[in-house]
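# Structural overview for review
Letter by letter, the chains look like this.
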Amino acid sequence: MKKTHAISICLMIIIYSLLSIVVNKTFILPGILEIAFSLKEIVFNVKFLSIVFTSLFRVFIGLLTSFILALLLSLLSYFNKTIKEFFEPVYLLLKTIPNVTYIIVSLLWLGRNGSVLLVSALVVFPILYNSILNALFNIDKELIEITDTYNGSNIYKIRKIYLPLIRNDILLSLKNSCSLGFKVAIMAEILSQVKTGIGRELHFARINYLMADIFAWTIIIIVISYLIDYLLNKLIS
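Attention here is on the structure that accompanies the text. None of these values were measured; they are calculated from a predicted model.

Another aspect to go through is the environment of isoleucine 166. Within the secondary structure layout, isoleucine 166 lies in the loop between α7 (154-165) and α8 (167-192). Isoleucine 166 sits 35 residues away from serine 131 along the chain, and the two C-alpha atoms are 9.9 Å apart. Contacts of isoleucine 166, omitting those with residues within four sequence positions, involve Ile132, Ala135, Leu136 and Ile139.

Structure (structure tokens):
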């Protein structure tokens, strides 16, 4: 950690501690020690790993579905101008629909667990589709001309030439969408009131005015998001 980062974090902790002392109301702004105690209780709970895994599994399935569809449609759009133009209004529509609309509609259609999967998939799909398609169009034209000399099938060219060339772009788009998908999935879990998951714990803490637990779960979400970014950065480099 850089020295300036450490100073910034320490300063934020000091400012927050002073504010919590001034407010002096735990249910509004709990103290650092109260948050630390709640964090310890949550992490050492026997159900903690199960709760986190359930939320991450939902996000993973949603992201995997979204990635497969985005990859297939971006390849089709790249090789076929008609498909690209046909799909543009769909892409713009998915891009502009509010996340809360996805959650409400999918909840009515699919129920609690299904809505989280659908929402996480739909929210990140436009990001993945646009990133992969732009990466394909940014491939050096000379390289494309060289690939035309190969006698292999289009599937072979995609596997051996196109995908390796845009590998880092794909990983970067996944990095940008993973954290977003995770946060949106948590929000969907809260609104759909799933039986198990981080969103369920946040909802329980909210209705019981357990502000320290809310802050503790927020710290956990931040740490998980950071770890996801860190692992994807390692894959990109």
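Turning our attention to α7. Restricting attention to buried positions, one finds in α7 the residues Lys157, Ile158, Ile161 and Tyr162. Angular distribution of buried residues about the axis of α7 spans 130°; they occupy a single face of the element.

Turning our attention to the packing of helix α3 (residues 48-79) against α8. In helix packing, the relevant descriptors are the interaxial angle and the interaxial distance, both defined with respect to the helix axes. Axis separation between α3 and α8 bottoms out at 9 Å; the angle between their running directions is 135°. Regarding the angle of α3 to α8, the classification is oblique. As for the relative orientation of α3 and α8, their crossing is right-handed in sense. Note on element contacts: α8 touches α3 through Ile170, Leu174, Ser177, Cys178, Gly181, Phe182, Ala185, Ile186 and Glu189, opposite Ser55, Leu56, Arg58, Val59, Leu63, Phe67 and Leu71. Taken together, the residues of the contact of α3 with α8 sort by class into eleven nonpolar, three polar and two charged.

Thresholds, definitions, all that
Residues numbered from 1 in each chain as written. Predicted model: local features only at pLDDT ≥ 70, side-chain atom pairs only at ≥ 80, totals over all residues. Heavy atoms only, no water. Helix = DSSP H or I, 4+ residues; strand = E, 2+ residues; numbered from the N terminus. Contact = heavy atoms within 4.5 Å. Buried < 20%, exposed > 50% of the residue type's maximum accessible area, 1.4 Å probe, protein only. Arc of directions from axis to C-beta. Axes fitted to C-alpha atoms, helices over the stretch in contact; angles between N-to-C directions. Parallel < 35°, antiparallel > 145°, perpendicular 65-115°, else oblique. Left-handed = near helix turned anticlockwise from the far one by under 90°. Nonpolar A, V, L, I, M, F, W, Y, C, P; charged D, E, K, R; others polar.

Such coordinate-based values are descriptive only and should not be taken to indicate function.
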